[in-house]
Amino acid sequence: MKKTLYIDMDGVICDFDSAFGYLDPGVLDRYRGQEDQIPGMFSLMDPIPGAIEAVAELTTLFDTYVLSTVPWANTSGASQKIEWIQCHFGADKDSPLWKRVILSHHKHLNRGDFLIDDRPHRNGAARFAETNIGATTLHFGGLDFPDWAAVLD
């Protein structure tokens, strides 16, 4: 039986800040400090370098799910995140992430062995290892796991 792996989306698989280059400066000014509320924001992000290939490889080794949070006030973010996954990983049954997207503000409620997250103290990520005996949270972008090559190693 494969171990269960959860992977956060923004800042781990997709580059949140990359969307800013696609937005009108007036929109950025209007939403300054609340960029995650910008309509259409989540569909504009570029993949983090190496993420697509690394996630595809990890899906062969683990029972893998995307575990992400959607801003409460940006309800279109949920559909945009799924569309992003479909665009970059495929939308059919052959996709490595076919129907493997979980959206939650409470990541600690999911049962599993590993969580890869760039913000290990938000949305229940800090409690993931506490509520899953023997589980590990990998801080993506941190000292030990600065990029996808380090995660795969």
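Residues numbered from 1 in each chain as written. Predicted model: local features only at pLDDT ≥ 70, side-chain atom pairs only at ≥ 80, totals over all residues. Heavy atoms only, no water.

Per an unreviewed UniProt entry, the protein chain goes by the name 5'-3'-deoxyribonucleotidase and belongs to Nocardioides dubius. Quoted verbatim from the Sequence similarities (unreviewed entry) heading of the UniProt record, the comment on the protein chain is "Belongs to the 5'(3')-deoxyribonucleotidase family." (UniProt positions renumbered as here; feature names shortened; annotations may be inferred.)

(A) Examining the pairing of strand E1 (residues 4-7) more closely. Residues Thr-4 and Tyr-6 point to one face of E1 and Leu-5 and Ile-7 to the other, with burial holding for every one of them. The pairing of E1 with strand E4 (residues 63-68) spans four bridges and is classified as parallel. Across the sheet, the residue bridging to Thr-4 is Asp-63, located in E4. Here E1 pairs with strand E6 (residues 114-117) via three bridges, running parallel. Opposite Tyr-6, over in E6, you have Leu-115 as the bridge partner. (Buried < 20%, exposed > 50% of the residue type's maximum accessible area, 1.4 Å probe, protein only. Helix = DSSP H or I, 4+ residues; strand = E, 2+ residues; numbered from the N terminus. Pairing = 2+ DSSP bridges.)

(B) Helix H3 (residues 76-89), seen in detail. The end-to-end C-alpha separation of H3 is 20 Å, in line with the 20 Å expected for 14 residues at 1.5 Å each. Taken together, the buried positions of H3 are Gly-77, Gln-80, Lys-81, Trp-84, Ile-85 and Phe-89. Buried positions in H3, seen along its axis, are confined to an arc of 140° and lie on one side of it. On its buried face, H3 sits against strand E2 (14-15), strand E3 (46-47), helix H2 (51-61), E4 and strand E5 (101-103). (Expected span 1.5 Å × (residues − 1). Arc of directions from axis to C-beta. Contact = heavy atoms within 4.5 Å.)

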